[in-house]
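Chain by chain, the residues:
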Amino acid sequence: MRGYEFINHTADLGIRVSGPSLEELFENAAWAMFDLIVDLDTVEVRDEATIRIRGGEREELLADWLRDLLYRYNGHEYLLKEFRIEKISPRGLKARVRGEKLDMSRHSLKREIKAVTYHDLEIRKLNREWQAQIIFDI
Amino acid sequence: MPEEYRLKKIDDYRWEIPKSEGMRVPGLLYTDEKMLKVLETDRTPLQVKNVAYLPGIVNYSLAMPDMHWGYGFPIGGVAATDPEEGGVISPGGIGYDINCGVRLLRTNLTLPDIKDRLHNLLAGLFSNIPCGVGSTSSLRLSSRELKTVLRDGAKWAVKRSYGQEDDLERTEDYGAMPGADPEKVSQKALKRGTNQLGTLGSGNHFLEIDLVEKIYLPEIAEVFGLEEGQIAVAIHSGSRGLGYQVCDDYLAVMRQAIEKYKISLPDRQLSCAPLSSPEGQDYFAAMASAANFAWTNRQVMTHWTREVIQRVLGISPKALGMRLVYDVCHNIGKFELHSWDGKKKRLLVHRKGATRAFPAHHPQVPGVYREVGQPVLVPGDMGTNSYVMVGTKLAMEQTWGSTCHGAGRVMSRSKAKKAARGRALEKELEERGILVMAKGWATVAEEMPEAYKDVNEVVRIVEKAGLSRKVAKLRPLGVIKG
């Protein structure tokens, strides 16, 4: 399931994402972030990159994962739409991500995301589902 | 993690959150009965309480009348820390958009001079000032030049003919904050700065053509260069991607620092380091650099605005008389001298969505305004008014010379979007006499008037509480947004 829902936050933009495993939770969170930035239907898969993030606790790993991806857009103009977590452990994660370079003539940008905040950042396991709440500064 | 707080009414415009376990000082909210009801439905008061946990915080964790729910600090939060008492600096208490701020320019024009040309003026500004998501500047800076901007701030712009000498005198800190060190800014942040100098951005940022609708304090308005019926221009923007990256980089540093210095906090977003630590000092130097970038950014856009208006109306700079009234920052941390504990003390004042409001005779108020006090610029939403206010002695005594920074949101962005669905906001605003040009209409929906508190109410509370006085009321005629 690729959905995410908005949570009510006055100043910024909060979302709740879920996934049947921690891996998929991380993948879905990344997808949601790029879905907030751009109309993903306009993005094609042309390039691929491998990402390694060194771990801390789960919430911090999620923040670092999203911060890394956000900088790939904000700093290097890469729009990403496919995410595969290959490995996730207390020591960190390894992932492959795919997308393409920003092209203003084809890509329909929706909004600027300034940052991934740590405020109310939370990962929980409910029954058999993993859930996370993330607030972006926009 | 304690979730509760108590509120104790002090007078009609102040509520205290008494000190409880973990808090180093009490909280103090400047609001009224009606607005407090709204605040109690979200978590703003809890955030005021959380800020009171910061090591070295003195007197109160304060919240200005436009306060609303943020992350870490509330928006509208003010906190001073004492470096001699283990005081900390918290990037979350300054915000991602370091030195997000507003400047107001007065002109010699009146409504009849531009009435028939408003569309052309706005179109000219819209095409000459890059705005919207993904927009970049026509200015490209080498890494050496960018570092000069970070060190010298708006002075760099004036030296490069993007402005006039007296612009600097009318900019907070003369457009260059002391203590900036570009070497403390990461390569990532520098990279984001190379093509964004002179860009408005998106979200709540705007460039606005205003009409001075009403003057409340004529003697002070005259010193500010404002009169009824006059046309003015307001620019609201910040340090763009460079500033966001500085905050993001140092929040990660602070995450480690709180463990190193054994600081216990109720919210990770409040992560901080002692002002005396290398982490704290590096962040301050990087933050000041980003602040200088923001002042230069607004200065460059000021120059382009002057050029466009002169060209569209075919008038000389002298006939236009577009002089800066003032430029204030409202996301910043500054070392300032304040009376505390019977002495003059150097404190670090965090202002997160709050404006400095120094009174008459304060040595940091520029000479031209020394006799009347510092101009305070309070933008409203795009459908209502903006205000020019002036700093007071009482604010100096109670809030470290701070006041509100705008209207403050009441509606989440997703809610605003829903409320705007099926409505022609552009038309609605036009019917109210406000022309809007925007790159993204989704932004306009998120920023629509109902999403904000009524600025008139906020300003009324500010004045009743004595934090600043109304000098002039402005009404938007034309707005460009990202």
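Going by the structure above, here's the rest.
Presented here is an overview of the structure given in this document.

### Focus on the overall build of chain B
In terms of regular secondary structure, chain B is built from 17 helices and 19 strands. What you see for chain B is a C-alpha radius of gyration of 21 Å, in line with the 23 Å of a compact globule of 482 residues. Evaluated residue by residue, chain B yields a buried proportion of 67% over its 482 residues. Surface summary for chain B: the accessible area is close to 16,800 Å², and the carbon and sulfur share equals 49%.

### Let's talk about the environment of L46(B)
In this fold, L46(B) is placed in helix α2 (residues 44-51). Counting along the chain gives 29 residues from L46(B) to I17(B), while the straight-line C-alpha distance between them is 9.2 Å.

### Examining the sheet that holds strand β4 (residues 78-89) of chain A
Residues and elements named next belong to chain A. Taken in spatial order, the three strands make up an open sheet running β3-β5-β4, and their pairing is antiparallel. Each edge of the sheet is formed by a strand with only one pairing partner; in this case those strands are β3 (47-54) and β4. This sheet shows a mean twist of 20° between the axes of neighbouring strands, independent of strand direction. In this sheet, strand β5 (residues 92-101) lies alongside β4 in antiparallel orientation, the contact comprising 10 bridges.

### What to know about the nonpolar core
Residues and elements named next belong to chain B. With 70 residues, the main nonpolar core has L104, F224, L226 and V388 as its most contacted residues. Here this core gets five residues from one element, more than from any other, and that element is helix α17 (residues 455-464). Ignoring any residue separated from it by four or fewer positions in sequence, one finds L226 in contact with L104, R106, V212, I215, A221, V325, V388 and A472. L242, A288, V308 and L313 belong to the second largest nonpolar core, which has 69 residues in total.

### As for the interface of chain A and chain B
The interface of chain A with chain B comprises 29 residues on the first partner and 37 residues on the second. Of the roughly 3,200 Å² buried between chain A and chain B, counting both surfaces, carbon and sulfur atoms make up 48%. Summed over the three residues of chain A that lose the most area to chain B, namely T10(A), Y71(A) and Y118(A), the buried surface amounts to 23% of that side. Put simply, chain A and chain B have eight salt bridges between them. Our count for the chain A to chain B interface comes out at 18 residue pairs in polar contact (both at pLDDT 80 or more). Every element with two or more residues in the side of chain A that touches chain B is listed here: α2 (58-74) and β6 (115-116) of chain A. The dominant element in the side of chain A that touches chain B, judged by the number of residues it contributes, is α2(A), at six residues. Among the residues forming the side of chain A that touches chain B, the class breakdown is 10 nonpolar, eight polar and 11 charged.

### Comments concerning the pattern of salt bridges
Per the counting criterion, the structure on display carries 50 salt bridges over all chains. Residues R268(B) and E60(A) are paired through a salt bridge, measuring 3.8 Å at the closest nitrogen-oxygen approach. Residue R268(B) is found in the loop between α10 (240-260) and β10 (273-274), and its partner E60(A) is found in helix α2; the two belong to separate chains. Between E86(A) and K94(A) there is a salt bridge, and its shortest N-O distance comes to 3.6 Å. Using a relative accessible area of 28% as the deciding quantity, one classes K94(A) as partly exposed. Each of the salt bridges in this network shares a partner with another, and the network as a whole consists of E57(A), E60(A), D64(A), R67(A), D248(B), R255(B) and R268(B).

### Section: the sheet that holds strand β12 (residues 331-340) of chain B
Residue and element names in this part refer to chain B. The sheet built from seven strands is open, its strands ordered β1-β2-β3-β4-β5-β13-β12 with mixed pairing. For this open sheet the edge positions go to β1 (8-11) and β12, each flanked by a neighbour on one side alone. Each strand of the sheet is rotated relative to its neighbour by a mean of 40°, with strand direction disregarded. When strand β2 (residues 14-17) meets strand β3 (residues 27-30), the two strands line up antiparallel, connected through four bridges. Considered in β3, the bridge of I17 is made with G27. The sheet strands contacting α2 are β2, β3, β4 (61-71) and β5 (73-81), and the helix crosses β4 at an angle near 110°.

Here is what the cut-offs are and how they apply
- Residues numbered from 1 in each chain as written.
- Chains lettered and ligands numbered in written order.
- Predicted model: local features only at pLDDT ≥ 70, side-chain atom pairs only at ≥ 80, totals over all residues.
- Heavy atoms only, no water.
- Helix = DSSP H or I, 4+ residues; strand = E, 2+ residues; numbered from the N terminus.
- Rg over C-alpha atoms; globule rule 2.2 N^0.38 Å.
- Buried < 20%, exposed > 50% of the residue type's maximum accessible area, 1.4 Å probe, protein only.
- Areas by Shrake-Rupley, 256 points an atom, 1.4 Å probe, with all protein chains shown as cover.
- Pairing = 2+ DSSP bridges.
- Axes fitted to C-alpha atoms, helices over the stretch in contact; angles between N-to-C directions.
- Core = buried A, V, L, I, M, F, W, Y, C linked by side-chain atoms within 4.5 Å.
- Contact = heavy atoms within 4.5 Å.
- Buried area = accessible area lost by both parts, 1.4 Å probe.
- Salt bridge = Lys/Arg side-chain N within 4 Å of Asp/Glu carboxyl O.
- Polar contact = N/O pair within 3.5 Å; in protein donor to acceptor, adjacent residues only side chain to side chain.
- Nonpolar A, V, L, I, M, F, W, Y, C, P; charged D, E, K, R; others polar.

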